[in-house]
Amino acid sequence: MSVSLEKTSHPGRPGSDELIPSRYALRVGEIDVLVISDGVFSLPAATLATNADPADLAAWLDDRLLPPDVYKWPLNVVVVRSGGRTVLIDAGIGREYPDYPRAGRLAMRLDAAGIDPASVTDVVLTHMHMDHIGGLFADGLRDRLRPDVPIHLAAVETEFWASPDFSRTAMPPPVPDVIRALAGRFLDEYGSQLRPFEAEYKVAPGVVVSRTGGHDPGHSVVRLASGGDRLTFLGDAVFPNHFDHPDWYNAFDHDPEEAVRVRVRLLRELAASRELLVAGHLPFPSVGRVAVAGDVFRFVPAIWEY
Ligand SMILES: [Zn+2]
């Protein structure tokens, strides 16, 4: 079965005048937040649930009128401005994986949003998978970011990727090779800019990156809090199926059991606080809240205010 990726109407040439919205701006107290879509890329649907009965995954997909074999992963990046700092959180997939022509658009969409990469004061990485660091090697970003821009990530993340363990993952080939190679290249080429933190680091007023582990050892989330408003960027702690099935292992989870514990803890906490969330792979703009629904959860999209 072939699944066309070209489902948008008259998308025209990708560029600043593209008709599909690619950014969504909101304020969290005094903090400006911009969610930017890096695009979408397709993976076998089985990557959503490596420990589920295939019939249960098929039913979940069919329930959403989705094809049984391929799932389009949305990919979101966030830019935060607070206290005179401009913080880029994750960098998209760039051009490191040639089969994904509809992703890797961050540089173009930063331009369209009027954000000069040279104005970025800090980069935060939730983790070192290729779809979160690849953009740092892309034309239009690598050559325009300040050559000394600090890159904040968990110390254990850099240690893990020096000699990564893939034994619990189920990534389809050739993804493991690409991910391993790109992480190594990142450590080589950006090593002098890394600012590793142990448990958490305050990047800007009201902006704290905090290690969770689970998805991979140094996986981190970013907490925003200002004037009574709160938003958490969940990175890859939660995928679209995890509201209904928080115990499904993602093929990219390096420690699936710990990923489930982290995910359930975060979702319960966010349901209790009723704060906004954004995640790396929820459908753009991914801004919403989570509610408890019996033993599981329910995603409640925010109303677009524009
Ligand atoms: Zn990811």
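So, a few notes on the structure that sits alongside this text.

The next thing to look at is the sheet that holds strand 5 (residues 122-124). Taken in spatial order, the seven strands line up as 1-2-3-4-5-6-7 in an open sheet, and their pairing is mixed. Each edge of the open sheet is held by one strand with a lone partner, namely strand 1 (23-28) and strand 7 (194-197). Each neighbouring strand pair of the sheet contributes to a mean axis angle of 25°, computed without reference to strand direction. Pairing between strand 2 (residues 31-44) and strand 3 (residues 70-82): twelve bridges, direction antiparallel. Within the sheet, the bridge partner assigned to V35 lies in strand 3 and is V78. The strands that helix 4 (residues 155-162) touches are strand 6 (151-154) and strand 7; relative to strand 6, the one it contacts most, it runs at about 80°.

Another point: the packing of helix 4 against helix 5 (residues 175-190). Remark: helix 4 packs on helix 5, axes separated minimally by 9 Å, with the N-to-C direction vectors making an angle of 120°. Classified by the interaxial angle, the pair formed by helix 4 and helix 5 is oblique. In this structure, the crossing between helix 4 and helix 5 has a hand that is left-handed. Residue-level contacts link T158, W161 and A162 of helix 4 to I179, R180, A183 and L187 of helix 5. Of the residues that constitute the contact of helix 4 with helix 5, the class distribution is five nonpolar, one polar and one charged.

With that settled, consider the environment of E269. Structurally, E269 can be placed in helix 6 (residues 256-273). For the pair E269 and A291, spaced 22 residues apart in the sequence, the C-alpha separation amounts to 10.0 Å.

At the junction of P173 and P174, the peptide bond is cis and its omega measures out at 5° in the coordinates. Within the secondary structure layout, P174 lies in the loop between helix 4 and helix 5. Between F284 and the following residue, P285, the backbone shows a cis peptide bond with an omega angle of 0°. Residue position: P285 is located in the loop between strand 12 (276-278) and strand 13 (288-293). A positive phi angle is found at D90, which is not glycine, with a value near 70°. Along the chain, D90 falls in the loop between strand 4 (85-89) and helix 2 (106-112). A relative accessible area of 0% places D90 in the buried class.

Protein ligation of the zinc ion involves D131 (OD), H132 (NE2), D236 (OD) and H281 (NE2), the donor distances falling in the range 2.1 Å. In this structure, the zinc ion is surrounded by four donor atoms whose angles at the metal cover 86 to 169°, and the resulting shape is irregular. In primary sequence terms, the donor set of the zinc ion follows D-H-x103-D-x44-H. You can see H132 sitting in helix 3 (residues 130-133) and its partner H281 sitting in the loop between strand 12 and strand 13, a full 149 residues away along the chain. When sorted by exposure, H132 lands in the same class as H281, which is buried.

Given two aromatic rings, their pairing is described by the distance between the two centres and the angle made by the two planes. Enumeration according to the criterion identifies 13 aromatic pairs in this entry. Taking 6.5 Å as the distance between ring centres and 70° as the angle between the ring planes, the aromatic pair formed by W60 and W248 counts as edge-to-face. Here the residue W60 occupies a position in helix 1 (residues 54-63), and W248 occupies one in the loop between strand 11 (229-233) and helix 6, the gap between them amounting to 188 residues. Grouping residues by exposure puts W60 and W248 together as buried. Between the aromatic rings of F137 and Y190, the centroid separation amounts to 5.6 Å while the plane-to-plane angle is 80°, which identifies the pairing as edge-to-face. On the criterion of sequence distance, the pair formed by F137 in the loop between helix 3 and strand 6 and Y190 in helix 5 is long-range, its members being 53 residues apart.

Turning our eyes to something else, we now look at the side chain of H132. Its relative accessible area of 0% is what places H132 among the buried residues. Side chain to side chain, H132 and H281 meet in a polar contact 3.5 Å long. Excluding residues that lie within four positions of it along the chain, H132 makes contacts with D90, A91, G92, L125, T126, H127, D236 and H281.

A separate point is the environment of L276. Residue position: L276 is located in strand 12. Distance in space between the C-alpha atoms of L276 and S286 is 9.7 Å, their sequence separation being ten residues. Excluding residues within four positions of it along the chain, L276 makes contact with L26, R230, L231, T232, V287, G288, R289 and A302.

Reading guide: rules and limits
- Residues numbered from 1 in each chain as written.
- Predicted model: local features only at pLDDT ≥ 70, side-chain atom pairs only at ≥ 80, totals over all residues.
- Heavy atoms only, no water.
- Pairing = 2+ DSSP bridges.
- Helix = DSSP H or I, 4+ residues; strand = E, 2+ residues; numbered from the N terminus.
- Axes fitted to C-alpha atoms, helices over the stretch in contact; angles between N-to-C directions.
- Contact = heavy atoms within 4.5 Å.
- Parallel < 35°, antiparallel > 145°, perpendicular 65-115°, else oblique.
- Left-handed = near helix turned anticlockwise from the far one by under 90°.
- Nonpolar A, V, L, I, M, F, W, Y, C, P; charged D, E, K, R; others polar.
- Buried < 20%, exposed > 50% of the residue type's maximum accessible area, 1.4 Å probe, protein only.
- Donors = N, O, S within 2.8 Å, 3.2 Å for Na, K, Ca; no water.
- Tetrahedral: all angles 85-135°; square planar, octahedral: opposite > 155°, others 65-115°.
- Phe/Tyr/Trp six-rings, centres within 6.5 Å; stacked < 30°, edge-to-face > 60°.
- Polar contact = N/O pair within 3.5 Å; in protein donor to acceptor, adjacent residues only side chain to side chain.

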